[in-house]
Each structure stands twice: as C-alpha cells, then as structure tokens.
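Structural features, examined
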Amino acid sequence: VQLVESGGGLVQPGGSLRLSCAASGFTFSRYAMSWYRQAPGKERELVATITSAGGSTNYADSVKGRFTISRDNAKNTVILQMNSLKPEDTAVYYCYVHKRVGYWGQGTQVTVSS
C-alpha cells in the first residue's frame, strides 16, 4: 500500500487549497478513505472520511461547510478541497486507509498565515 499526498503549501487566511492523495497497492474502490491532520503539539485528528463508492462523507465539526472530500475511483485518487482557510487549519495533512491495518501517507504541510 502506498499513499502519496500533494498540494500543500502556504496560503493566506480565507484562501483555498486542494490536496490530493494518490493511492496504489490495493483495490482502491473497495475502501473508505480519510484525511487526518496534526498540528504542532497536538494529537492527530480526523478531518474527513468518504465511503468506498463516494456516496457518504463525514467531517469534523471544525471543517464542516469549508472542506469537501471527494474521490475518483478510476484514478485511485482522493481529494480534499479546503476553502475559507483559517490559521487554525495549519497542520500536516495525511491520507489514511484501513485495510486490515492502517496505512498513512507521508503527509503534506498546510500553513495558513498572512
């Protein structure tokens, strides 16, 4: 299993970023996918989850209405569209899949600052 995140960077408050996670090594369309994040000095937290076919999503209260998770099963990719970003969204964002055990990507840094 390999998960490779991309799309992080520095953005001003109120801005947007689009994170991508390219998955390989497993049958992507059979598994729910999640995004987590970890800010400095804090525990890793669940941001969003999408079911295997993309029919259902769940979000942390802190990102509801601002973030959207989606997936393209033909391209083995899961996307996190982040709008109206706030400084408290600053963190390393990780892609995650649970397939008997949990697998993590290497993470991508998102920094929201003026």
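Numbering of residues starts from 1 in each chain and follows the order in which that chain's sequence is written. Local features in a predicted model are, by the rule used here, given only for residues with pLDDT of at least 70; side-chain atom pairs are given and counted only at 80 or more, and totals for whole chains, interfaces and linings are based on all residues. Note that water and hydrogens are dropped before the side-chain values are worked out from all heavy atoms of the structure.

For Phe, Tyr and Trp, where Trp contributes only its six-membered ring, two rings pair if their centres lie within 6.5 Å, and the inter-plane angle classes them as stacked under 30 degrees, edge-to-face over 60, or tilted in between. For the coordinates displayed, the defined rule picks out six aromatic pairs. On the numbers, 6.2 Å between centres and 55° between planes, the contact of F26 with F28 is tilted. Classification of residues uses two cut-offs on accessible area relative to the type maximum, computed with a 1.4 Å probe and protein chains only: under 20% is buried, over 50% is exposed, and between them is partly exposed. Among the residues examined, F28 registers a relative accessible area of 2% and is labelled buried. Measuring from ring centre to ring centre gives 5.4 Å for Y36 and Y96, while their planes differ by 70°; the resulting arrangement is edge-to-face. Residue Y36 is found in strand β4 (residues 33–38), and its partner Y96 is found in strand β9 (residues 91–99); the two are separated by 60 residues along the sequence. Neither Y36 nor Y96 differs from the other in exposure class; each is buried. Aromatic ring contacts, followed pair by pair, group Y36, Y94, Y96 and W104 into a single cluster. Charges are assigned to positions over rings by a cutoff of 6 Å between ring centre and Lys NZ or Arg CZ, combined with an angular limit of 35 degrees from the ring normal. Geometry around W104 places R44 over its ring, the cationic atom sitting 4.4 Å from the centre. A cation sits over an aromatic face here: R71 above F28, 4.3 Å from the ring centre. The way it works is that DSSP assigns letters per residue, a run of H or I at least four long becomes a helix, a run of E at least two long becomes a strand, and they are numbered from the N terminus.

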